[in-house]
2 protein chains.
Amino acid sequence: MSDMIKVAVDAMGGDNAPGEVVKGAVEALQANKRIFVYLTGRKEDIEEELAKYEYPKDRLEIVPTTEVIEMAEQPTTAIRTKKDSSMVRGLRMVKSGEADAFVSAGSTGAVLVGGILLVGKAKGVQRSPLAPLIPTRTGVSLLIDCGANVDARSDHLVQFAQMGSIYMEQVMGIENPRVAIVNIGAEEEKGNSLVKETMPKLKETKGIHFIGSIEARDIPEGYADVIVCDAFVGNVILKLYEGVGSTMIGMIKQGLMTSLRSKIGALLIKPSLKGVVKMFDTSHYGGAPLLGLRGLVVKTHGSSKAAEIKNSILQCITFTEQRINEQIVERLAQLSDEDTVSEDAATDAGEEQ
Amino acid sequence: MSDMIKVAVDAMGGDNAPGEVVKGAVEALQANKRIFVYLTGRKEDIEEELAKYEYPKDRLEIVPTTEVIEMAEQPTTAIRTKKDSSMVRGLRMVKSGEADAFVSAGSTGAVLVGGILLVGKAKGVQRSPLAPLIPTRTGVSLLIDCGANVDARSDHLVQFAQMGSIYMEQVMGIENPRVAIVNIGAEEEKGNSLVKETMPKLKETKGIHFIGSIEARDIPEGYADVIVCDAFVGNVILKLYEGVGSTMIGMIKQGLMTSLRSKIGALLIKPSLKGVVKMFDTSHYGGAPLLGLRGLVVKTHGSSKAAEIKNSILQCITFTEQRINEQIVERLAQLSDEDTVSEDAATDAGEEQ
């Protein structure tokens, strides 16, 4: 079992748990022989779902827990008090090394707080961002940060730029990824105080390919590989992406049903329309890892179905093999050694504003 | 000429000036006999464009100016130094009462700064927001603020909620408009510090129908009539709306050209697809007024073509007849009289956080 990737999966997390989560875990096992799954959650519920499928029983184990962290719970309180929950148990397995990764579709806030409290931030990391891939005309971009840690400082954004660059290089194989900061105009003097403070720091940050501001309008066109913003703005972007996409598709479909002519047309274009819909469906890109932790924690959509759970589990192979968090720690340490002088200068420049 | 609406139009503002601006002005004159247009800008350039059209010469006058404020100029400096620019001249005409309104497709920052410096904020107004209408599945919503004044305070957002409500009631005829604040989750404890501070204040604000948080995902579905946010977030929302929409439509069109089958389908669905594209094209909703000034200033898209310029000029009739800024002043005064006690309470609650 030496080259097995052991993934703890939160069987109780998300809108469609445990049904779709268990199904997704089974599909992941079937898709790749190197996957071993621990399902954390209520034993009877999980067994009931598992009874529906054929699966390799030597690569799945139930880790019975009694509690469930609900979506609306206050994250810190939930993580601290519900010690026998499927989420806390899964995170502890990563911490102890029993599992290589933890995948959950549960509350973003709780996964984030739990990741930091139970798995721990890696050395040198100030904040652990949630960084999903979003679809663009030319491929995908990394939107960093979309987590629950709002009110970021400029130093956080600089680290996000560094972590995001490492991710896009190592996981997505993009050479010299273009980094941009979300802003409301291309001109230097535009932006809120956070952006104005961060801009000069990003310009002086070595080891990243910073290309300046990106307006929200240009994000879907794929003008940057790493899109840096604070979590509030990132959340707005991620959710509006989904919202505009699904509303538009809904309206197009509705429009197509209004006349016989368009109904016939609709049948003919169905395959090509489906491709675009699929491309703009953020759930097809699997989960997003919390970057910069001492272990691998992957958050998937709360509304995940089996396919997304499966993809998120399979992604853990790449994340583990690429040693993404280890690389982040190594590179951050390297950069801070190299750059002590220029980083100090950048900090001073930021504070002067 | 007593019931004429006199609109000063910045003939040099925007990406397509003066050609499209002059064309739009002529179309507005042809569309409505109550419109009188002053075109501010370089006389020869305007005359050259005007020579292309037939138009009622007794309802158009050129106001010759020599300078132009460019998109990339620092707004305050530009407004202060370019006194003979098409923008400064137009704004001064509103201030002096020579014109009832000023319409410009020029730099948002300059229009905003110029509006405040030259026309002036109305009594009781803390900040003058730019509030465009955005398309939704069910109609339109007002996105307030999308201006260039970032880093808003909670008191500003409360006034935006009030002004936006008055606008949607008076101009759009929506009774008891639903007001929501942009947030990253529906739960009470979510949000950045600005949202957390504003939330209790909005709950206690009388005269508005506050329905709580709105996630960006739900904006295109039309869950709220007035969408309150600070200008940075508003800008991101407005521009991403346009970006996702146009990228998606572009990809759908591209997809439709890949096979003979889909090409035939495309011909059949063209009319219904066009309807959706048009609906999601924010430019069809004309310009956005700067609310809460001592006169009417309307900003249209920098990329405006004649149709949008025309719509923006015609909109000035409604804005003027509904006395939108006067109503804002009256209602704000009314509310502050009525609410002195509860507003103090709300302020205290905000400060305690």
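Here the residue index of a chain counts from 1 through its sequence in written order. Working convention: letters from A go to chains and numbers from 1 go to ligands, in the order in which they are written. Two thresholds apply to this predicted model, a pLDDT of at least 70 for residue-level local features and 80 or more for giving and counting side-chain atom pairs, whereas whole-chain, interface and lining totals are computed over all residues. Hydrogens and waters are ignored; side-chain quantities use all the structure's heavy atoms.

Novice: Any details on the sheet that holds strand 3 (residues 60–64) of chain A? Residues and values, ideally.
Specialist: Residues and elements named next belong to chain A. The sheet built from six strands is open, its strands ordered 3-2-1-4-11-10 with mixed pairing. Single-partner strands in this sheet number two, and they are strand 3 and strand 10 (288–289). Note: strand 1 (residues 5–10) against strand 2 (residues 35–41), six bridges, orientation parallel. Bridged to V9 within strand 2 is L39. Any two residues whose heavy atoms approach within 4.5 Å at even a single point are treated as in contact. Working convention: axes come from line fits to C-alpha atoms, limited for helices to the stretch in contact. Angles between N-to-C directions cover 0 to 180 degrees. Each helix is a run of H or I in the DSSP string that is no shorter than four residues. Each strand is a run of E no shorter than two, and both are numbered from the N terminus. This element, helix 4 (residues 86–96), spans strand 1, strand 2, strand 3, strand 4 (101–104) and strand 11 (296–299) of the sheet and lies at about 160 degrees to strand 4. We call two strands paired when DSSP finds no fewer than two bridges between them.

Novice: Describe in detail the relation of the copies chain A and chain B, supporting the description with residues and values.
Specialist: Fitting of the copies onto one another was done by least squares over C-alpha atoms, counting residues only where both copies have pLDDT of at least 70. Of the two same-sequence chains, chain A is brought onto chain B (RMSD 0.0 Å, axial shift 0.0 Å) by a rotation of 180 degrees. Both chain copies can therefore be described as sitting about a two-fold axis. If distances are taken from each C-alpha of chain A to the rotation axis, the shortest is found for G265(A), at 1.9 Å. Same-surface contact between copies: 100% of interface residues of chain A are shared with the interface of chain B.

Novice: Can you break down the side chain of S141(A) residue by residue, with the values?
Specialist: All names here are of chain A. Structurally, the position occupied by S141 is in strand 6 (residues 140–144). Distance and chemistry together define a polar contact, namely a pair of N or O atoms within 3.5 Å, with one atom able to donate a hydrogen and the other to accept it when in protein, and with adjacent residues in sequence counting only for side-chain atoms on both sides. A distance of 2.8 Å separates a polar side-chain atom of S141 from the backbone oxygen of A224. In contact with S141, other than residues within four places in its own chain, are P132, L133, I134, T136, M168, G222, A224, D225 and I227.

Novice: So what about the interface of chain A and chain B? Which residues, and what values?
Specialist: Taken together, the contacts link 58 residues of chain A with 59 residues of chain B. In short, buried area is how much 1.4 Å probe accessible area vanishes from two parts on joining, totalled over both. Overall, the association of chain A and chain B removes approximately 5,200 Å² of surface from exposure, summing both partners, and the carbon and sulfur fraction of that is 73%. Contact with chain B buries area across many residues of chain A, yet I184(A), F232(A) and M248(A) alone supply 13% of it, more than any other trio. Salt-bridge detection follows one rule: a side-chain nitrogen of Lys or Arg within 4 Å of a carboxyl oxygen of Asp or Glu. Summed over the shared surface of chain A and chain B, the result is four salt bridges. One salt bridge connects E215(A) with K239(B), and the closest N-O pair in it is separated by 2.5 Å. Remark: the boundary between chain A and chain B carries 16 residue pairs in polar contact (both at pLDDT 80 or more). Where the side of chain A that touches chain B is concerned, the elements lending two or more residues are strand 7 (178–183), helix 7 (193–204), helix 8 (231–256) and helix 9 (260–279) of chain A. The element best represented in the side of chain A that touches chain B is helix 8 of chain A, accounting for 22 residues.

Novice: Before we move on, could you go through the sheet that holds strand 3 (residues 60–64) of chain B and cite the residues and values that matter?
Specialist: Backbone-to-backbone hydrogen bonds join strands into a sheet, with any given pair of strands oriented parallel or antiparallel. All names here are of chain B. Reading across from one edge, 3-2-1-4-11-10 is the order of the six strands in this open sheet, with mixed pairing throughout. With one partner strand each, in any of the chains shown, strand 3 and strand 10 (288–289) form the two edges of the open sheet. The pairing of strand 4 (residues 101–104) with strand 11 (residues 296–299) spans four bridges and is parallel. Residue F102 lies in a different strand from strand 11, and its bridge partner there is V297. Running over the sheet, helix 2 (residues 43–50) touches strand 2 (35–41) and strand 3 and is turned about 155 degrees from strand 3.

Novice: Which residues make up the pattern of salt bridges, and what values do they have?
Specialist: Taken as a whole and assessed by the stated rule, the structure comprises 27 salt bridges over all chains. Note that R331(B) and E169(B) form a salt bridge whose closest N and O atoms lie 3.8 Å from each other. One end of the pair, R331(B), is in helix 11 (residues 324–338); the other, E169(B), is in helix 6 (residues 154–170), and 162 residues separate them in sequence. Accessible area is worked out with a 1.4 Å probe on protein chains only. A residue is then buried under 20% of its type maximum, exposed over 50%, and partly exposed in between. Here R331(B) falls in the buried class, since its relative accessible area comes to 19%. Salt bridges sharing partners connect three or more residues here, namely E215(A), R217(A), K239(B) and E242(B).

Novice: Explain unusual backbone geometry to me, using residue names and the numbers behind them.
Specialist: Residue P18(A) is reached from A17(A) by a cis peptide bond, and omega for that bond is -5 degrees. Relative to the helices and strands, P18(A) is located in the loop between strand 1 and helix 1 (19–31). A positive phi is found at R323(A), a non-glycine position, where the angle reads about 45 degrees. Checked against the element boundaries, R323(A) lands in the loop between helix 10 (306–321) and helix 11 (324–338). Despite not being glycine, N176(B) has its phi angle at roughly 50 degrees, a positive value. Within the secondary structure layout, N176(B) lies in the loop between helix 6 and strand 7 (178–183).

Novice: I'd like to hear about the nonpolar core, residue by residue, with values.
Specialist: Formed by 186 residues in total, the largest nonpolar core has its most connected members in L39(A), I219(A), I313(A), L39(B), I219(B) and I313(B). Residues in contact with I313(A), not counting those within four places in the same chain, are V7(A), V9(A), G24(A), A25(A), A28(A), I35(A), V37(A) and V103(A). Working definition of a nonpolar core: buried Ala, Val, Leu, Ile, Met, Phe, Trp, Tyr and Cys residues. They are joined through side-chain atoms within 4.5 Å.

Novice: I'd like to hear about the packing of helix 6 (residues 154–170) of chain A against helix 7 of chain A, residue by residue, with values.
Specialist: Residues and elements named next belong to chain A. Where helix 6 contacts helix 7, the axes come no closer than 9 Å and their chain directions differ by 50 degrees. Relative to helix 7, the element helix 6 lies oblique. As helix 6 packs across helix 7, the resulting crossing turns out to be right-handed. Contacts from S154, D155, L157, V158 and A161 in helix 6 reach L194, E197, T198, K201 and L202 in helix 7. Any residue outside Ala, Val, Leu, Ile, Met, Phe, Trp, Tyr, Cys, Pro, Asp, Glu, Lys and Arg is labelled polar, Gly included; the first ten of those are nonpolar and the last four are charged. Taken together, the residues of the contact of helix 6 with helix 7 sort by class into five nonpolar, two polar and three charged. Reported orientations rely on four angle classes, namely roughly parallel under 35 degrees, roughly antiparallel over 145, roughly perpendicular from 65 to 115, and oblique for the rest. Take the far helix as the reference: if the near one is turned anticlockwise from it by less than a right angle, the crossing is left-handed, and if turned clockwise, right-handed.

Novice: Just give me the short version of the pairing of strand 4 of chain B, but keep the residues and values in it.
Specialist: Successive side chains on a regular strand alternate, one facing one side of the sheet and the next facing the other. All names here are of chain B. The side-chain alternation of strand 4 yields two buried faces, one formed by A101 and V103 and the other by F102 and S104. Relative to strand 4, strand 1 (residues 5–10) runs parallel, the two being bridged by three bridges. When the sheet's bridge partners are listed, V7 is paired in strand 4 with A101.

Novice: Go over the packing of aromatic side chains with me, naming the residues and quoting the values.
Specialist: Aromatic contacts are taken between Phe, Tyr and Trp rings whose centres are within 6.5 Å, Trp giving its six-membered ring; a plane angle under 30 degrees counts as stacked, one over 60 as edge-to-face, and the others as tilted. Applying the stated criterion across every chain yields a total of four aromatic pairs over all chains. Its end group placed over the ring of Y55(A), K57(A) keeps NZ or CZ at 4.5 Å from the ring centre. A ring is considered to have a charge above it if a Lys NZ or an Arg CZ atom is located within 6 Å of its centre and within 35 degrees of its normal.

Novice: Now, about the environment of Q126(B): what can you tell me, with residues and values included?
Specialist: Residue and element names in this part refer to chain B. Tracing the backbone through its elements, the reader meets Q126 in the loop between helix 5 (108–119) and strand 5 (133–135). Judged by its relative accessible area of 32%, Q126 falls in the partly exposed class. Considering only alpha carbons, one finds Q126 and S272, 146 residues apart in sequence, at a separation of 44 Å. Ignoring anything within four residues of it in the chain, the contact list for Q126 reads K121, R153, D155, H156 and Q159.

Novice: Tell me about the confidence of the model for chain A, and please be specific about residues and values.
Specialist: Detailed conclusions should not be drawn from predicted coordinates in areas where pLDDT is low. Residue and element names in this part refer to chain A. One confidence number per residue, pLDDT, is output by the predictor and ranges from 0 to 100. When pLDDT is averaged along chain A, the result is 89, and 92% of the positions lie at 70 or above. Within the model, the stretch residues 341–353 combines pLDDT values under 50 with 12 contacts to residues more than four positions away or in other chains. This prediction of the complex comes with two scores: 0.88 for pTM and 0.86 for ipTM.

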